[in-house]
Structure formats: structure tokens, C-alpha cells
Amino acid sequence: RAARDAAAAREPAVTRDGRHLEVAANVGSAEEARRAAEAGADGIGLMRSEFLFLEREAAPSEADQRREYRAAVDALAGKPVIIRTLDIGADKQLPYLRLPQAPNPALGVRGARLWASQPELLDAQLRALLRVGAPESLRIMVPMIADAPELGTVRARLERQAEALGLTRLPALGAMIEVPSAALGAGGLAAEADFLSIGTNDLTQYTLAMDREAPDLAARADVLHPAVLRLIRATVDGAAGRCPVGVCGAAAGDDLAAPLLAALGVDELSVEPARVPAIKAALRRLDAGALADCLPRLLALGDADAVRAALTAWFATDA
Ligand code: PEP
Ligand code: MG
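Presented here is a report on the structure given in the accompanying data block.

What counts and what doesn't
Residues numbered from 1 in each chain as written. Chains lettered and ligands numbered in written order. Predicted model: local features only at pLDDT ≥ 70, side-chain atom pairs only at ≥ 80, totals over all residues. Helix = DSSP H or I, 4+ residues; strand = E, 2+ residues; numbered from the N terminus. Rg over C-alpha atoms; globule rule 2.2 N^0.38 Å. Contact = placed C-beta atoms within 7 Å. Near = placed C-beta within 6 Å. Nonpolar A, V, L, I, M, F, W, Y, C, P; charged D, E, K, R; others polar. Buried ≥ 20, exposed ≤ 12 C-beta atoms within 10 Å, placed from the backbone. Pairing = 2+ DSSP bridges. Right-handed = clockwise from strand over helix to strand, strands pointing away. Expected span 1.5 Å × (residues − 1). Arc of directions from axis to C-beta. Core = buried A, V, L, I, M, F, W, Y, C linked by C-beta atoms within 7 Å. Axes fitted to C-alpha atoms, helices over the stretch in contact; angles between N-to-C directions. Parallel < 35°, antiparallel > 145°, perpendicular 65-115°, else oblique. Left-handed = near helix turned anticlockwise from the far one by under 90°.

1. Observations regarding the overall build of the chain
No. 1: In terms of helices and strands, the chain carries 15 helices and nine strands.
No. 2: Relative to the globule expectation of 20 Å for 319 residues, the C-alpha radius of gyration of the chain, 19 Å, shows essentially globular dimensions.
No. 3: Overall, the C-alpha framework of the chain stretches about 60 × 50 × 35 Å when taken along its three principal axes.
No. 4: Look at the contacts in the chain between residues 6 or more apart in sequence, and 67% of them connect residues 24 or more apart.

Set out below in C-alpha cells:
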């Protein structure tokens with residue numbers, strides 16, 4: 001039985017009505033990527049590179065970074081590996097950067113916005129990623145993108161670094177969708193990006209204006225809020241099949257939210273490594289088209305509690 005479950009975890013996830021979704025893993029290191037591969041992940045949907053930069057006196061060297069990124073790519077043996085550029089800011093500090101304190105750190109300089117003040121740090125990371133030399137499996141993802149021109153400037157920087165290194169084949173470049181403006185502008189972003197990945201943790205925080213760290217708001221800062229779901233749908237509709245759309249926030253690994261994300265039309269779910277088998281199993285039980293037929297009703301509900309209740313009832317009758 002255990003052997004059969006492990007084998008099933010490595011098989012692709014296809015819904016009852018024949019939709020194939022990639023189930024990838026979120027990791028913080030190459031070591032964790034190895035465990036994700038063993039758990040049956042179809043790839044890495046989010047490697048949070050900031051873990052490499054934490055708890056040290058200075059930024060890791062380009063060579064150290066390259067080694068870690070290369071090890072993650074090797075662990076997945078040709079499957080896609082999405083590495084996110086440094087997502088740091090006043091809300092996640094690095095002592096050696098001495099970023100100025102900001103009154104609203106979550107709304108301040110973080111993620112892609114850091115290029116303006118720390119260009120050498122982020123360009124060095126792009127060089128380390130380019131020097132991995134696996135443009136067919138390595139993908140670069142940029143956090144906290146607000147609009148298409150912002151991703152365009154990152155692409156220009158990537159191309160400049162590649163040219164300096166004499167490289168002609170570049171890894172795919174994608175944007176995280178975690179700012180409401182990016183979800184609403186997904187059409188323009190899909191023209192600029194090779195892929196999109198929805199960061200539901202921050203997208204929920206910014207849509208509902210509820211701090212994701214605030215214990216008093218935790219129960220209400222819920223991805224199932226119809227406003228958040230409408231932004232997810234706007235992202236899928238905006239991309240309109242021109243580039244794949246994934247989800248790498250915690251919602252992707254949630255028993256209720258994951259099937260709903262499949263019904264909303266996303267192509268990939270990236271979850272904690274240990275959740276890969278369960279999410280694949282949940283997708284195999286799902287009739288995504290039947291749930292999609294309920295979306296107009298679910299998205300018209302008033303709040304997350306109402307969506308949760310309606311979804312629970314739908315699963316009780318569908319089973
Ligand atoms: C997110 O915001 O959903 C996300 C995946 O990024 P992080 O949790 O690292 O901010
Ligand atoms: Mg985020």
C-alpha cells in the first residue's frame with residue numbers, strides 16, 4: 001500500500017474530467033528540493049532564495065549562490081525549477097543591507113522594488129542564476145511585481161547580464177501575481193512574462209488590506225474571499241492561455257482551495273513537499289468542469305465564510 005501510494009505521488013495529476021495540472025513544491029533550499037523530488041513533485045514552483053541570504057554577516061557570493069541553485073536543478077533531474085529572486089524588504093530585513101525603516105513595510109520597498117536601491121546585489125543574483133547553465137529547466141520568478149513595465153526592466157537587466165556572460169539562451173522569466181494591480185493587469189503581464197504564479201498569501205493581504213501577520217485578522221484574511229477569487233479569475237482570464245498560470249501561495253496546498261483553483265483554470269499548484277501526494281489525490285477526485293459551473297454562484301457570495309460553506313456543501317454532494 002505504501003509503495004503504491006508513493007508510486008501514485010509520482011504520477012501526473014489528472015482530474016476526473018481529464019484536466020492535467022502540475023503539482024510542484026515550495027522549497028527554501030536545494031536540500032529541501034531533493035526531498036520534494038522524492039515526494040513526487042512535478043517540479044519546484046517556488047524556491048524562496050531569501051533563505052540563502054538570511055542569518056549571515058554578508059550576502060552569499062555569486063559562486064555560492066550558483067552552487068545552491070545548480071544543486072536544486074540537479075535534484076529535479078530535468079523537471080522545471082522556479083527560483084524566485086530575493087524577496088526582502090523592510091518587512092523581512094537583512095542586517096547587512098541596512099534598509100531604512102518604513103512606516104508601512106509591506107507597502108514599501110520589497111521584492112522587485114529593491115532593484116532601485118540594491119542593483120548590484122540583485123544583478124549578482126541574476127548572474128548566479130544564468131551561470132547555472134540550465135535554461136531549459138531553470139526559471140526565474142520576480143516577486144512583488146505591480147505591472148508589465150516593471151517586469152520589462154528586469155528582463156532588460158537579465159538580457160544585459162546574459163550578454164556580458166556571452167549567453168544566448170535565457171531561462172524563462174515570470175512574474176508573481178501578489179499585488180492587485182498585477183492581477184488586474186495580467187493581460188499586459190502575460191505579454192511580457194513567460195509564466196505567471198499567483199502568490200495568494202500576499203494577494204489576500206493586499207486585496208483585503210489585512211496584515212498577513214496580524215493574529216487578530218488571521219481568521220478573516222482568507223483566500224476564499226470572493227474578491228480574492230475574482231482577482232485569481234482575472235489573472236487566468238488576462239493570461240488567456242498565452243502563458244501558464246500557477247499558484248504558489250498556501251492556498252495551493254489547502255484541501256478546499258486547491259480544487260477551486262483548478263476550477264478557476266490554473267495550470268500548476270505549488271505546495272509544501274509533504275502535501276504533494278494529498279493534493280494530487282484531491283485533483284484526481286475532482287470534476288473540475290462541474291465545479292467551474294458553480295463559480296458564478298460562488299463568486300457572487302458575500303464573504304469567505306459563505307464561500308467555504310458553499311464549497312463544503314458542494315463536495316459533500318459531489319462525493
Ligand atoms: C505569497 O505571497 O503567496 C508567496 C508565495 O510568497 P511569500 O509567502 O514568500 O510572500
Ligand atoms: Mg509573497
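2. Some thoughts on the site of ligand 1
No. 1: Near ligand 1 you find L46, R48, D87, E178, G199, T200, N201, D202, C248 and G249, and these make up its full shell.
No. 2: Mapped by element, the contributors of at least two residues to the shell around ligand 1 are β3 (44–48) and α9 (200–208).
No. 3: Looking at which element gives the most residues to the shell around ligand 1, the answer is α9, with three residues.
No. 4: Considered class by class, the residues forming the shell around ligand 1 number two nonpolar, four polar and four charged.

3. Thoughts on the pairing of strand β5 (residues 138–142)
No. 1: By the criterion of burial, β5 is predominantly enclosed, with five of the five residues buried.
No. 2: Both faces of β5 are covered, namely the face carrying L138, I140 and V142 and the face carrying R139 and M141.
No. 3: Pairing between strand β4 (residues 81–84) and β5: four bridges, direction parallel. Paired with I82 across the strands is R139, a residue of β5.

4. Some details on the pairing of strand β9 (residues 268–271)
No. 1: Because side chains alternate across β9, one face comprises the buried residues E268 and S270, and the other comprises L269 and V271, equally buried.
No. 2: Relative to β9, strand β2 (residues 20–27) runs parallel, the two being bridged by four bridges. From the neighbouring strand, A24 faces β9, where its bridge partner is S270.
No. 3: Looking at chain direction, strand β8 (residues 245–247) and β9 are connected through two bridges and run parallel. Its bridge partner lying in β9, G246 is registered against E268.
No. 4: Read from β8 through helix α11 (residues 257–263) to β9, the crossover connection turns out right-handed.

5. Focus on helix α4 (residues 62–75)
No. 1: If you check α4, its first and last C-alpha atoms are 20 Å apart, about what 14 residues at 1.5 Å a residue would give, namely 20 Å.
No. 2: Within the span of α4, buried status applies to Q65, E68, Y69, A72, V73 and A75. The arc enclosing the buried residues of α4, seen along the axis, measures out at 170°, which places them on a common side.
No. 3: Of the surrounding secondary structure, the elements contacted by the buried residues of α4 are α2 (30–39), β3, α3 (50–53), β4, α5 (119–130) and β5.
No. 4: Once α4 ends, the next one or two residues include A77, with phi positive near 45°.

6. Looking at the nonpolar core
No. 1: Of all hydrophobic cores here, the largest spans 95 residues; its most connected members are A33, I44, A175, L196, L261 and L269.
No. 2: Among residues more than four places away in sequence, those in contact with L196 are G174, A175, I177, A186, L189, A190, T235, A239, C243 and V245.

7. Examining unusual backbone geometry
Across the chain, the bulk of peptide bonds are trans and the bulk of non-glycine residues have phi less than zero.
No. 1: Positive phi, normally seen in glycine, also occurs at R98, with a value near 45°.
No. 2: Relative to the assigned elements, R98 resides in the loop between β4 and α5.
No. 3: The exposure class of R98 is exposed, given the 7 C-beta atoms found within 10 Å.
No. 4: Phi is positive for A209, which is not a glycine, with a value near 50°.
No. 5: The exposed category is assigned to A209, around which 9 C-beta atoms lie within 10 Å.

8. A word on the packing of α4 against α5
No. 1: The geometry of α4 relative to α5 is characterised by a closest axis approach of 8 Å and an angle of 45° between their N-to-C directions. Compared by their axis directions, α4 and α5 come out oblique. The handedness of the crossing between α4 and α5 is right-handed. Across the interface between the two elements, E62, Q65, R66 and Y69 from α4 touch A124, Q125, R127, A128 and L129 from α5.
No. 2: Across the contact of α4 with α5, the residue classes tally to four nonpolar, two polar and three charged.

9. Examining the environment of Q205
No. 1: Looking at the secondary structure, you find Q205 in helix α9.
No. 2: What makes Q205 buried here is the crowd of 21 C-beta atoms within 10 Å.
No. 3: Distance from Q205 to E178, taken between C-alpha atoms, is 8.8 Å for residues 27 residues apart in sequence.
No. 4: Apart from the residues lying within four places of it in its own chain, the contact partners of Q205 are A106, M210, D211, R212 and A221.

10. Structural notes on the packing of α2 against α4
No. 1: Contact geometry for α2 and α4: axes closest at 8 Å, N-to-C directions at 5°. One element, α2, and the other, α4, form an angle in the roughly parallel class. Residue-level inspection shows A30, A33, R34 and A37 of α2 in contact with α4, the latter providing E68, A71, A72 and A75.
No. 2: Partitioning the contact of α2 with α4 into residue classes produces six nonpolar, no polar and two charged.

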